[in-house]
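Below, each chain spelled out in residue letters.
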Amino acid sequence: MGQYVLQRLLGAIPTLLLIIVLAFLLVHAAPGGPFDEERVLPPAVEANMRAAYHLDEPMPQQLLRYLGGVVRGDFGPSYRYREHSVSELIAAAFPYSLRIGGLAMLFALVVGIAAGTCAALRRNTSTDRLLMAASMTGISIPVFVIAPVLVLLFAVKLNWLPAGWSGNSGAAPLVLPVLALALPQIAYIARLTRASMIDVLASPYIQSARAQGLGTAAIIRYHALKPAILPLLSYLGPAVAAILTGSVVVEEIFGIPGLGQFFVRGALNRDYTLVLGIVIFYATLIVALNLLVDILYGLIDPRVRYR
Amino acid sequence: MRRAAGFMLRARRNRNVVVSFVLLLATAVCAIVLPWLSPNDYSTTSFQRVLEAPGWAGMHWFGLDELGRDQLMRTMLGIKVTLTVAVVASLVSLVIGVLYGAVAGYVGGRVDAFMMRIVDSLYAMPFIFFVILLMVVFERNFLLIFVAIGAINWLDMARIVRGQTLSLREREFVQAARLNGVSTPRIVLRHIAPNLIGIVIVYVTLTIPQAILVESFLSFLGLGVQEPQTSLGALVNTGVGHMERAPWMLLIPGGVLALILLCFNFLGDGLRDVFDVRQAP
C-alpha cells in the first residue's frame, strides 16, 4: 500500500513537470512581449523592465528560474496587477472558487445519487424515462446558457434572488451560481448512479437479501448504496475539471471575484504570468485529485488490490 | 453489405435516432436555405432599429441585435460555424485517434504499453486551459480552433479503437492477410480500420457535442470566432449583455445550441444501441 502510494506520487511528478514546461514554452512562444503597448517606451526603460522580469536571460535559464519559483509556490509577478504577485492573486481568489465549486459538487452528489437510485428502482417506468430525459437535457445545456437563463428567470423576472455578487450578504447570492454549476453534474451523476445501481441490484447478494425479506429501503441503505456509488469516485476527477471550467463562466456571469474571473481577465489582458500561474495551479489540482481518488479507491473498496 | 442493411433497419426503428437525426438535418438545412430566402444578411447594421423584438415583418423572425443586425441570419450563420467547427474538429480527432489506437493495438507489446502510457498521462492534462492559453498567445484563427479541439478529443477514440483492435488482430482474416505477406501498415489500413467503422461512428457522434461545447465556450469567453462572423456561443455571449431588454437574444441562440447538443447526445446514445457497442473499458 505504502509502496503503491509512493509509486503513484513519483509518477505524478513527470506529468506535472511536463504540464509546467509545456505551458511555459507556449506562453514564451507568444509573438510580442508583455510591454508592447500603444505607448512606446524609451529603449533604456524597456531594457530595465525586461531585466526586472528576467526576460533578458536565455530561455533555459528563465525556465529553470520559473520552475524553481513554482516549487516554492512562487509564480512570479503579475504583468498587469503590478503591485501583486501571481501567488497573492491566486491565494486571494481561490477561496471564492472553492466555496462555490465545493457547494456545487456536494449538491450535485446528493441530488444526483438520489435521482439515479430512484430511476434504477423504477427502471423502465415513466418515472425512469422522465428522469433520464431530464438528465440528458441537463447534460446538453451548457453552463454558459443555463447560468444567464437562471439569472433572467429568478433575478430579473421573478426578483427572488440577487443576480450578482455583493460581498458577504448571506447565502442568497450563492444560490444561483451553485445551481448553475451543479445542474450538469447532477445529470451526469444521476446517469452513472442509475447504471451502476441497476448492476448492483441484479447481483446475487441483493437477491438473497431480498429473499430474506429485507425491505427495499433497507437494501439500498445497507447493501446496495455503497457499491453502487463507488464508480462515482473515478468520475470525481473529470467532475472537478468540469466544475473548474464551469466556474470560469459562472464567475464571469455573476461577477464573483474568484480564480475563473482572474483567468478570463488575464487571458483578455494578455497577463501571461497570471494565466500561466492559474493553468499550472488548476493542473496541479486536477492531478492531485486524480491521485487521491486512486488511493482512496483502494482504501474504500476491499476488492481493489495494489500491485 | 447485408450487415449494413441490418444496421440501417435497426437505426430506423430506433425512435431516438430517427427524431434526433431528422431534427439535426432540419437545423442544418435551415442554416443553409434560410439565408437564400431572406432579404437580410448577417452583417448589415441599422441603428434606428436596435434591439427590435422578433416579428414577421421583413423576415426578422428572431428580432434585431444591439447593432440592428438581423438576428435570424446571425443565428443561422452561428449554426453553420458551430457545426462546421465541430464536425471538422471531430474528424481531426477521428483520424488521430483511429490511427494511434489501431497502431497501438495491432503492434502490441512494449510499443502498446508505451503509447497507452502517453494517453494516460495526457488524460490528466487540463486541456481546455491549454486551448485558452493557445488562443491567448496566438492570434485567434479558425484553423487553430479546429486543431486544438481535435487534439483534445482523440484520447477517448484512441482507447476505444485500441481495445477493439486487440481483439480484431487475433481473428482469422487478419492472420490470413499476415500469412499472405501483407505489410503491417496495409493490414492496419485495409483490414483493421474498416472493421472499426461501427464503433467509430458511435464515438464521433458523441465527440461532436464535446467539440461544440469547447468551441462555444471559447466563443463565449470572446476567444473564438471574431466579428462580424459569429457562432452560437458568441451569440449567447452577446445575448447575456442584453438579456434584460432583449431576452430573445439570449434565449433563441441558447435554445438552438441546447437543441443541437441534445440531438447529438440522443443520436450517439441511440446509435450505441443500434451497433450494440459496449461502454469502453
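Residues numbered from 1 in each chain as written. Chains lettered and ligands numbered in written order. Predicted model: local features only at pLDDT ≥ 70, side-chain atom pairs only at ≥ 80, totals over all residues. Heavy atoms only, no water.

Regarding the overall build of chain B
Where we set the bar: Starting at the N terminus, helices and strands are each numbered in turn, a helix being any DSSP run of H or I of at least four residues and a strand any DSSP run of E of at least two. Buried, partly exposed and exposed residues are distinguished by accessible area as a fraction of the type maximum, computed with a 1.4 Å probe on protein chains only: under 20%, between the cut-offs, and over 50%, respectively. It only takes one pair of heavy atoms within 4.5 Å for two residues to be counted as in contact. Residue exposure ignores everything except the shown protein chains as possible cover, and the areas themselves are Shrake-Rupley values with a 1.4 Å probe. As used throughout, the charge tally considers Lys and Arg to be positive and Asp and Glu to be negative, leaving His and the chain termini uncounted. Every charge is mapped onto a representative atom, which is NZ of Lys, CZ of Arg, CG of Asp or CD of Glu.
In terms of helices and strands, chain B carries 11 helices and zero strands. In chain B, the succession of α and β elements from N to C terminus is α-α-α-α-α-α-α-α-α-α-α. Considering only C-alpha atoms, chain B reaches an extent of 75 × 45 × 25 Å along its principal axes. Within chain B, the fraction of its 281 residues that count as buried is 52%. Within chain B, contacts between residues at least 6 apart in sequence are counted, and of these 71% link residues at least 24 apart. Split by element, the accessible area of chain B, about 13300 Å² in all, is 64% carbon and sulfur. The distance from the centre of the 23 positive side-chain charges to the centre of the 17 negative ones in chain B is 13 Å.

Describing the confidence of the model for chain B
Put simply, the rule reads: On a scale of 0 to 100, pLDDT captures the predictor's confidence in every residue.
This prediction gives chain B a mean pLDDT of 82; 94% of its residues lie at or above 70. The ipTM for the predicted assembly is 0.77, set against a pTM of 0.81.

Observations regarding the interface of chain A and chain B
Note the threshold: Buried area adds together the accessible area that both of two parts lose upon being put together, with accessible area traced by a 1.4 Å probe. Salt bridges are defined by distance alone: a side-chain nitrogen of Lys or Arg within 4 Å of a carboxyl oxygen of Asp or Glu. As used in this structure description, the phrase polar contact means that two N or O atoms lie within 3.5 Å; if the pair is within protein, one of them must be able to donate a hydrogen and the other to accept it, and residues adjacent in sequence are counted only when both atoms belong to side chains.
Of the residues lining the interface, 42 residues belong to chain A; the matching set on chain B comes to 36 residues. Buried surface at the junction of chain A and chain B, summed over both partners, amounts to about 3400 Å²; 83% is from carbon and sulfur atoms. For chain A, the biggest contributors to the area lost against chain B are L26, M136 and F144 of chain A; these three give 18% of the whole. Taken together, the links from chain A to chain B amount to one salt bridge. A salt bridge links D269 of chain B to R191 of chain A; the shortest N-O distance between them is 3.2 Å. Where chain A meets chain B, there are two residue pairs in polar contact (both at pLDDT 80 or more).

Regarding the pattern of salt bridges
Here the structure, examined in full by the defined rule, presents seven salt bridges over all chains. One salt bridge in this structure joins E252 of chain A and R265 of chain A, with 3.7 Å as the shortest N-O distance. On the criterion of sequence distance, the pair formed by E252 of chain A in helix α9 (residues 216–254) and R265 of chain A in helix α10 (residues 259–269) is long-range, its members being 13 residues apart. A residue is classified by how much of its surface remains accessible, and E252 of chain A, at 27% relative accessible area, is partly exposed. Put simply, D112 of chain B and R162 of chain B hold a salt bridge, and the shortest N to O gap is 2.6 Å. In this pair, D112 of chain B is assigned in helix α4 (residues 109–123) and R162 of chain B in helix α6 (residues 142–168), connecting sequence segments 50 residues apart. Connected through shared salt-bridge partners, D65, R69 and R74 of chain B make up one network.

A closer look at the packing of aromatic side chains
Residue and element names in this part refer to chain A. For clarity, the cut-off: Any two rings among Phe, Tyr and Trp, with Trp reduced to its six-membered ring, count as a pair given centres within 6.5 Å; such a pair is stacked if its planes are under 30 degrees apart, edge-to-face if over 60, and tilted if neither.
Taken as a whole and judged by the stated rule, the model has six aromatic pairs over all chains. The interplanar angle of 35° and the centroid separation of 5.8 Å between the aromatic rings of Y188 and Y235 together place this pair among those described as tilted. In this pair, Y188 sits in helix α7 (residues 172–201) while Y235 sits in helix α9, placing the two residues 47 residues apart along the sequence.

Some details on α6 of chain B
Spacing of three or four residues puts side chains on the same side of an α-helix, whose turn is 3.6 residues. Keep this limit in mind: Every helix has an expected span of 1.5 Å times one less than the residues it contains. Bend is the name given here to the angle between axes fitted to two runs of seven residues, the run ending at a residue and the run starting at it.
Over its 27 residues, α6 of chain B runs 37 Å from end to end, which matches the ideal 39 Å to within 8%, given 1.5 Å per residue. Bending of α6 of chain B peaks at approximately 35° at the position of W154 of chain B.

What to know about the environment of A26 of chain B
All names here are of chain B. Position of A26 among the secondary structure elements: in helix α2 (residues 15–37). A26 gets classed as partly exposed once you look at its relative accessible area, which sits at 38%. Counting along the chain gives 13 residues from A26 to R13, while the straight-line C-alpha distance between them is 19 Å.

Remarks on the environment of V256 of chain B
Residues and elements named next belong to chain B. By the element assignment, V256 lies in helix α11 (residues 248–275). Residue classification places V256 among the buried residues on the basis of a relative accessible area of 16%. For the pair formed by V256 and L67, sequence separation is 189 residues and the distance between their alpha carbons is 21 Å. Setting aside chain neighbours within four positions, we find V256 in contact with T75, I79 and L232.

A word on helix α10 (residues 232–241) of chain B
Where burial is concerned, most of α10 of chain B is hidden: seven out of the 10 residues are buried. Turning to α10 of chain B, its buried residues are L232, G233, A234, L235, V236, G239 and V240 of chain B. Those residues of α10 of chain B hidden inside the fold are in contact with α6 (143–157) of chain A together with α3 (71–107), α9 (197–220) and α11 of chain B.

With respect to the side chain of S219 of chain B
Summarising the element assignment, S219 of chain B is placed in helix α9. When sequence neighbours within four positions are dropped, the list of residues in contact with S219 of chain B reads G224, V225, S231, G233, A234 and N237 of chain B.

A short note on the packing of α6 of chain A against α11 of chain B
Axis angle and axis distance: for two packed helices, these are the angle between their axes and the distance between the axes, and together they describe the pair. Going by this rule: Only C-alpha atoms enter the line fits that serve as axes; for helices the fit covers just the stretch in contact. Angles between N-to-C directions range over 0 to 180 degrees. Handedness of a helix crossing follows the sense of rotation of the near helix relative to the far helix, less than a right angle counterclockwise being left-handed and clockwise being right-handed. By the convention adopted, Pro, Cys, Tyr, Trp, Phe, Met, Ile, Leu, Val and Ala count as nonpolar, Lys, Arg, Asp and Glu as charged, and the other residues, Gly among them, as polar.
Here α6 of chain A crosses α11 of chain B at 145°, and the two axes come no closer than 10 Å. The chirality of how α6 of chain A crosses α11 of chain B is left-handed. On the side of α6 of chain A, the interface is formed by F144, V145, P148, V149 and L152 of chain A, while α11 of chain B contributes L250, L251, G254 and L257 of chain B. Of the residues assigned to the contact of α6 of chain A with α11 of chain B, the class counts are eight nonpolar, one polar and no charged.

Points about the side chain of S135 of chain A
Residues and elements named next belong to chain A. By the element assignment, S135 lies in helix α5 (residues 126–140). A polar atom in the side chain of S135 sits 3.4 Å from the side chain of R191. Every residue in contact with S135, bar those within four places of it in the chain, is listed here: A187 and R191.

Notes on the nonpolar core
Residue and element names in this part refer to chain B. Our working rule: To define a nonpolar core, start from buried Ala, Val, Leu, Ile, Met, Phe, Trp, Tyr and Cys residues and group those joined through side-chain atoms within 4.5 Å.
Ranked by size, the top nonpolar core spans 160 residues in total, and within it F129, I132, I212 and I260 carry the most contacts. Of all the elements, α3 adds the most residues to this core, at 15 residues. Leave out the neighbours within four places in its chain, and I260 touches L24, T27, I79, L83, I212 and L232.

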